[in-house]
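Overview (structure and organization)
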Amino acid sequence: MTDLYPAADERELLRQAAAAHTAASADLEAFLRRLPEVPEPADITEFANLLSREERARGERQDAADAAGLMLPSMESE
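I will try to describe carefully the structure that is included in this document.

How each quantity is defined
Residues numbered from 1 in each chain as written. Predicted model: local features only at pLDDT ≥ 70, side-chain atom pairs only at ≥ 80, totals over all residues. Heavy atoms only, no water. Helix = DSSP H or I, 4+ residues; strand = E, 2+ residues; numbered from the N terminus. Buried < 20%, exposed > 50% of the residue type's maximum accessible area, 1.4 Å probe, protein only. Contact = heavy atoms within 4.5 Å. Areas by Shrake-Rupley, 256 points an atom, 1.4 Å probe, with all protein chains shown as cover. Axes fitted to C-alpha atoms, helices over the stretch in contact; angles between N-to-C directions. Parallel < 35°, antiparallel > 145°, perpendicular 65-115°, else oblique. Left-handed = near helix turned anticlockwise from the far one by under 90°. Nonpolar A, V, L, I, M, F, W, Y, C, P; charged D, E, K, R; others polar. Expected span 1.5 Å × (residues − 1). Phe/Tyr/Trp six-rings, centres within 6.5 Å; stacked < 30°, edge-to-face > 60°. Salt bridge = Lys/Arg side-chain N within 4 Å of Asp/Glu carboxyl O.

What follows concerns the overall build of the chain. Per the secondary structure count, the chain includes two helices and zero strands. Burial analysis of the chain (78 residues in total) assigns 17% to the buried set. Expressed as a percentage of contacts within the chain between residues at least 6 apart in sequence, the contacts between residues at least 24 apart total 64%. With the model as given, the accessible surface of the chain reaches about 6500 Å², and the carbon-plus-sulfur share is 56%.

With that settled, consider the packing of helix 1 (residues 10-34) against helix 2 (residues 41-67). Packing of helix 1 against helix 2 brings their axes to within 8 Å, and their N-to-C directions diverge by 160 degrees. Compared by their axis directions, helix 1 and helix 2 come out roughly antiparallel. Crossing angle aside, the handedness with which helix 1 passes helix 2 is left-handed. Classifying every residue of the contact of helix 1 with helix 2 by side-chain character gives 17 nonpolar, two polar and 10 charged.

Compared with the 36 Å implied by 1.5 Å per residue over 25 residues, the 36 Å span of helix 1 between its first and last C-alpha is a close match. Here helix 1 has its buried residues at Leu 14, Ala 17, His 21, Ala 24, Leu 28 and Phe 31. Against helix 2 lie the buried residues of helix 1.

On to the packing of aromatic side chains. Within the structure shown, the criterion is met by one aromatic pair. Taking the centre distance of 6.2 Å and the plane angle of 25 degrees together, the rings of Phe 31 and Phe 47 count as stacked. On the criterion of sequence distance, the pair formed by Phe 31 in helix 1 and Phe 47 in helix 2 is long-range, its members being 16 residues apart. The class for Phe 47 is partly exposed, based on a relative accessible area of 32%.

Glancing now at the environment of Gln 62. Positionally, Gln 62 belongs in helix 2. When its relative accessible area of 29% is taken as the criterion, Gln 62 is described as partly exposed. As for Gln 62 and Ala 18, which are separated by 44 residues in sequence, their C-alpha atoms are 8.8 Å apart.

Another aspect to go through is the pattern of salt bridges. For the structure shown, the criterion picks out five salt bridges. The closest approach of N and O atoms between Arg 15 and Glu 12, which form a salt bridge, is 2.9 Å. A residue pair is termed a helical-turn pair when its members lie 3 or 4 positions apart in one helix, as Arg 15 and Glu 12 do in helix 1 at three residues. On the basis of relative accessible area, Arg 15 is assigned to the partly exposed category, the value being 46%. Across the pair Arg 34 and Glu 46 runs a salt bridge, and its minimum N-O distance is 2.7 Å. Pair noted here: Arg 34 is in helix 1 and Glu 46 is in helix 2, with a separation of 12 residues, a long-range link. On the basis of relative accessible area, Glu 46 is assigned to the partly exposed category, the value being 29%.

Right, dumping it as structure tokens:
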């Protein structure tokens, strides 16, 4: 019997991770566009949550890129 939902290959997982990172970045940008001049505690909390989500999505995107064989040499100065 064949699988109705074949396992996603590494490239598809990378595309999905990139899309999730793009969405998280867009949500963060939208928040920053509506941020009042004087942020309230709730704004600080929302910013922290959105930033954490964006950073987590970026890490997942990088892990997916590594798994797909798109490893880049370190860009940090030695």
